[in-house]
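Descriptive analysis of the structure
Residue strings, one per chain:
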Amino acid sequence: MIKKIILSIIILLVIGIGFTIWFNTQESMEGYVYSTEDSSLWVIELGDEEINKGDSIPDLLKAKASESEGVVFEEPLLNRVTGSSNFQEGDKVKIYWSGGAFQSAPSLVENTFFINKVDN
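Right, let's walk through the structure included here. (Residues numbered from 1 in each chain as written. Predicted model: local features only at pLDDT ≥ 70, side-chain atom pairs only at ≥ 80, totals over all residues. Heavy atoms only, no water.)

1. Observations regarding the overall build of the chain
Rules: Helix and strand labels come from DSSP, where a helix needs a run of H or I of at least four residues and a strand needs a run of E of at least two; each type is numbered from the N terminus. Radius of gyration: C-alpha atoms only; globule rule: 2.2 Å multiplied by the number of residues to the exponent 0.38. Only the protein chains shown count as cover for residues, and the accessible areas themselves come from Shrake-Rupley with a 1.4 Å probe. Charge convention: Lys and Arg are scored as positive, Asp and Glu as negative, and His as well as the terminal groups of each chain are ignored. Lysine's charge is taken at NZ, arginine's at CZ, aspartate's at CG and glutamate's at CD.
Tallying secondary structure elements over the chain gives four helices and six strands in all. Shown N-terminal to C-terminal, the secondary structure of the chain runs as helices and strands in the order α-β-β-α-α-β-α-β-β-β. For 120 residues, the compact-globule formula gives about 14 Å, and the C-alpha radius of gyration of the chain, at 19 Å, lies well above that figure. By its C-alpha atoms, the chain is 65 × 30 × 30 Å across when sized along the principal axes. Put simply, the chain shows about 8100 Å² of open surface, and 57% of that area lies on carbon and sulfur atoms. In the chain, which carries 9 positive and 18 negative side-chain charges, the distance between the mean positions of the two groups comes to 13 Å.

2. With respect to the packing of aromatic side chains
The geometry of an aromatic ring pair comes down to the distance between the two centres and the angle between the two planes. Heads up, the rule is: Paired rings are identified among Phe, Tyr and Trp, the last through its six-membered ring, by centres lying within 6.5 Å, and are further divided according to the angle between planes into stacked (under 30 degrees), edge-to-face (over 60) and tilted (the rest). Exposure classes here rest on a 1.4 Å probe applied to the protein chains alone. A residue is buried below 20% of its type maximum, exposed above 50%, and partly exposed in between.
Taken as a whole and judged by the stated rule, the model has two aromatic pairs. Geometrically, the ring pair formed by Tyr34 and Trp42 is edge-to-face, given 4.9 Å between the ring centres and 80 degrees between the ring planes. Residue Trp42 is classed as buried on the basis of its relative accessible area of 18%. On the numbers, 5.2 Å between centres and 55 degrees between planes, the contact of Phe73 with Trp97 is tilted. In this pair, Phe73 is assigned in strand S3 (residues 71–74) and Trp97 in strand S4 (residues 92–97), connecting sequence segments 24 residues apart.

3. Quick notes on the sheet that holds strand S5 (residues 107–109)
Heads up, the condition is: Only strands joined by at least two bridges in the DSSP assignment are considered to pair. Throughout, an axis means a line fitted to C-alpha atoms (over the contacting stretch in the case of helices), and angles, computed between N-to-C directions, take values from 0 to 180 degrees.
Strands sit in the order S5-S3-S2-S1-S4-S6 across an open sheet of six strands; the sheet is mixed. Strands at the two margins of the open sheet, each flanked by one partner only, are S5 and strand S6 (112–117). Sheet twist, expressed as the mean angle between neighbouring strand axes with direction ignored, is 40 degrees. Looking at chain direction, S4 and S6 are connected through five bridges and run antiparallel. Among the inter-strand pairings, Lys94 is bridged to a residue of S6, identified as Asn116.

4. Description of helix H3 (residues 57–65)
Counting along an α-helix, one turn takes 3.6 residues, and residues three or four places apart therefore face a common direction. This is how the line gets drawn: Working definition: the arc comes from the directions between the helix axis and the C-beta atoms, pointing outward to the latter. Working rule for contacts: check all heavy atoms of both residues, and any pair within 4.5 Å makes them a contact.
Along H3, the positions that sit buried rather than exposed are Leu60, Leu61, Lys64 and Ala65. Looking straight down H3, one finds that the buried residues subtend no more than 130 degrees of arc, so they occupy a single side. Facing away from the buried side of H3 by more than 90 degrees, the exposed set consists of Pro58, Asp59 and Lys62. Of the surrounding elements, those touching the buried residues of H3 are strand S1 (27–37), strand S2 (40–44) and helix H2 (48–51).

5. Description of the side chain of Glu75
The cut-off we apply is this: Counted as salt bridges are all cases of a side-chain nitrogen of Lys or Arg within 4 Å of a carboxyl oxygen of Asp or Glu.
If you trace the backbone, Glu75 turns up in the loop between S3 and helix H4 (77–82). Notably, Glu75 is buried but unbridged: the nearest opposite-charge side chain belongs to Arg80, and the N-O separation is 4.9 Å. Among all residues touching Glu75, those that are not within four sequence positions of it are Ser39, Ser40, Arg80 and Ser85.

6. Some points on the nonpolar core
To keep it simple, the criterion reads: Throughout this description, the term nonpolar core refers to a set of buried Ala, Val, Leu, Ile, Met, Phe, Trp, Tyr and Cys residues connected via side-chain atoms within 4.5 Å.
In this structure, Met29, Val33, Leu41, Val43, Val71, Phe73, Phe87, Val93, Ile95, Trp97, Val109 and Ile115 together form the largest nonpolar core, which totals 12 residues. For this core, the elements supplying multiple residues, two or more each, are S1, S2, S3 and S4. In terms of residue count, the dominant contributor to this core is S4 (three residues). When near neighbours in sequence (up to four residues on either side) are disregarded, Ile115 contacts Leu41, Pro76, Asn79, Ser84, Phe87, Val93, Lys94 and Ile95. In this structure, Tyr32, Leu60, Leu61 and Ala65 belong to the second largest nonpolar core, which totals eight residues.

Laid out in structure tokens, this is it:
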């Protein structure tokens, strides 16, 4: 009985440590959806100082997109399975992914883990 309890505790510790390491290696970014097409989102970061200048968010996004700023994220399986993949242009989102991005204009991330809508 004691051996089973000790084994269970060890297994839980290993799972917990593994999850902690995995979670801490995730990258994240918060931005606004500029466009959605072909199961991907083009997301552009906007700082508070840019938003407070009075221009509309779509105009700010369009200006930055013309300079090829932002990142294109592939829509993750987790969003499709949970039904949380209905993103519109102008939505504020937070994206989680592992690994790097392809250096292109705009950058491309293929291994996106999850995209979450953020309240404005």
